[in-house]
Amino acid sequence: MFALMQSTRLESLHLSVDPVTGLKAVIAIHNSRLGPALGGCRYLAYPNDESAVEDAIRLAQGMSYKAALAGLAQGGGVAVIVRPAHVENRGALFEAFGRCIEQLDGRYITAIDSGTSVADMDCIAQQTQHVTSTTSAGDPAPHAAMGVFTGIRATAMARLGSDNLEGLRIAIQGLGNVGYALAEQLHAAGAELLVSDIDHGKVQLAMEQLNAHPIANDALLSTPCDILAPCGLGGVLNSHTVTQLRCSAVAGSANNQLTHLDVADQLERRGILYAPDYVINAGGLIYVSLKHRGEELGTITAHLSKISSRLTEVFAHAQAEKRSPARVADELAEKVLYR
């Protein structure tokens with residue numbers, strides 16, 4: 001655990017339990033140089049406690065890099081709540097977690113993430129003000145999707161020579177809140193959608209509403225397309241799956257898409273343009289950060305549009321230096337965080 005903290009330059013790690021509610025929570029604060037750490041709260045089942053800690057640490061690092069390149073006055077942090085097999089009172093569990101956040105005295109601000117909802121954030125808000133994505137703040141998913149959509153246009157321009165998405169085959173892996181909202185925007189832009197999700201109901205809905213083509217979960221990565229958009233959980237791109245890809249670019253909303261940075265080099269060698277995940281998916285963080293600070297929607301939307309220009313900058317550096325955009329993005333973020 002300490003070796004992983006040191007290798008990722010994590011500032012602090014907080015573990016909390018509450019026997020009454022069954023709460024087992026991890027809060028990882030990666031970097032607070034730019035401001036208080038802000039990041040989502042995951043509520044997922046994990047095979048073991050070590051996996052939960054590792055997930056929190058790596059996600060927190062990504063949040064720091066994301067905030068740095070998005071130009072936000074925020075640090076990076078993430079919370080992970082290990083979902084128990086049985087919960088007596090979900091609301092009480094999240095209120096207990098709110099008390100854990102309050103003890104950090106503003107060093108960490110939490111938000112919605114995989115497995116959590118606006119209602120959960122409302123429960124947390126009963127115990128602390130250091131929370132966003134509440135009913136009053138609004139769901140960041142549509143704004144996250146908007147940011148990814150603009151990033152896909154920038155990726156198409158860099159790889160295919162045009163940001164016109166009409167007729168492009170875009171494969172979306174995962175139709176959660178962000179993935180489905182992204183699919184709606186891509187459909188409106190005239191893209192041909194290939195979709196997969198473990199929830200067959202969501203796939204059916206996309207077929208009916210967006211004229212999407214269903215693809216089996218284990219076949220999507222090897223299906224020919226122009227752009228692959230991973231929008232589920234992380235780790236989808238590894239040394240094996242990259243060999244299966246039949247796309248020109250990868251640009252999606254999922255965090256931690258690469259199992260290792262070497263995978264980015266493998267994509268580069270194959271001529272597949274990779275949009276660094278924490279650059280293209282910064283829309284959700286931009287929304288919750290600026291909303292928490294009281295900014296108006298117009299200001300937030302204007303900030304979201306900068307995702308496209310930041311990606312274009314990363315792509316230009318990568319092309320000039322003949323390196324992976326993932327390595328370029330890391331270096332740019334680290335200059336901001338550690339200069």
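Looking up the protein chain in an unreviewed UniProt entry gives the name Glu/Leu/Phe/Val dehydrogenase, with the organism given as Pseudomonas monsensis. Regarding the protein chain, the UniProt comment filed under Function (unreviewed entry) reads as follows: "Catalyzes the reversible oxidative deamination of glutamate to alpha-ketoglutarate and ammonia." Taken verbatim from the UniProt record of the protein chain, the Sequence similarities (unreviewed entry) comment is "Belongs to the Glu/Leu/Phe/Val dehydrogenases family."

Our focus in this paragraph is the sheet that holds strand E9 (residues 227-230). As summarised here, the arrangement of the 6 strands in space is E8-E7-E6-E9-E10-E11, forming an open sheet in which the pairing is parallel. Two strands in the sheet have a free side with no partner beyond their single neighbour: strand E8 (213-214) and strand E11 (273-274). In terms of strand pairing, strand E7 (residues 192-196) meets E8 through 2 bridges, oriented parallel. What sits directly across from Leu194, in E8, is His213.

Our focus in this paragraph is the packing of helix H2 (residues 49-70) against helix H14 (residues 325-338). One can describe the packing of H2 onto H14 by two numbers: an axis separation of 9 Å at closest approach and a directional angle of 80°. Between H2 and H14, the angle is such that the two are roughly perpendicular. Taking contact as the criterion, the partners of Ser64, Tyr65, Ala68 and Leu69 in H2 are, on H14, Ala329, Asp330, Leu332, Ala333, Glu334, Val336 and Leu337. Its residues assigned to classes, the contact of H2 with H14 comprises 8 nonpolar, 1 polar and 2 charged.

Quick notes on the rules
- Residues numbered from 1 in each chain as written.
- Predicted model: local features only at pLDDT ≥ 70, side-chain atom pairs only at ≥ 80, totals over all residues.
- Heavy atoms only, no water.
- UniProt positions renumbered as here; feature names shortened; annotations may be inferred.
- Pairing = 2+ DSSP bridges.
- Helix = DSSP H or I, 4+ residues; strand = E, 2+ residues; numbered from the N terminus.
- Axes fitted to C-alpha atoms, helices over the stretch in contact; angles between N-to-C directions.
- Parallel < 35°, antiparallel > 145°, perpendicular 65-115°, else oblique.
- Contact = heavy atoms within 4.5 Å.
- Nonpolar A, V, L, I, M, F, W, Y, C, P; charged D, E, K, R; others polar.

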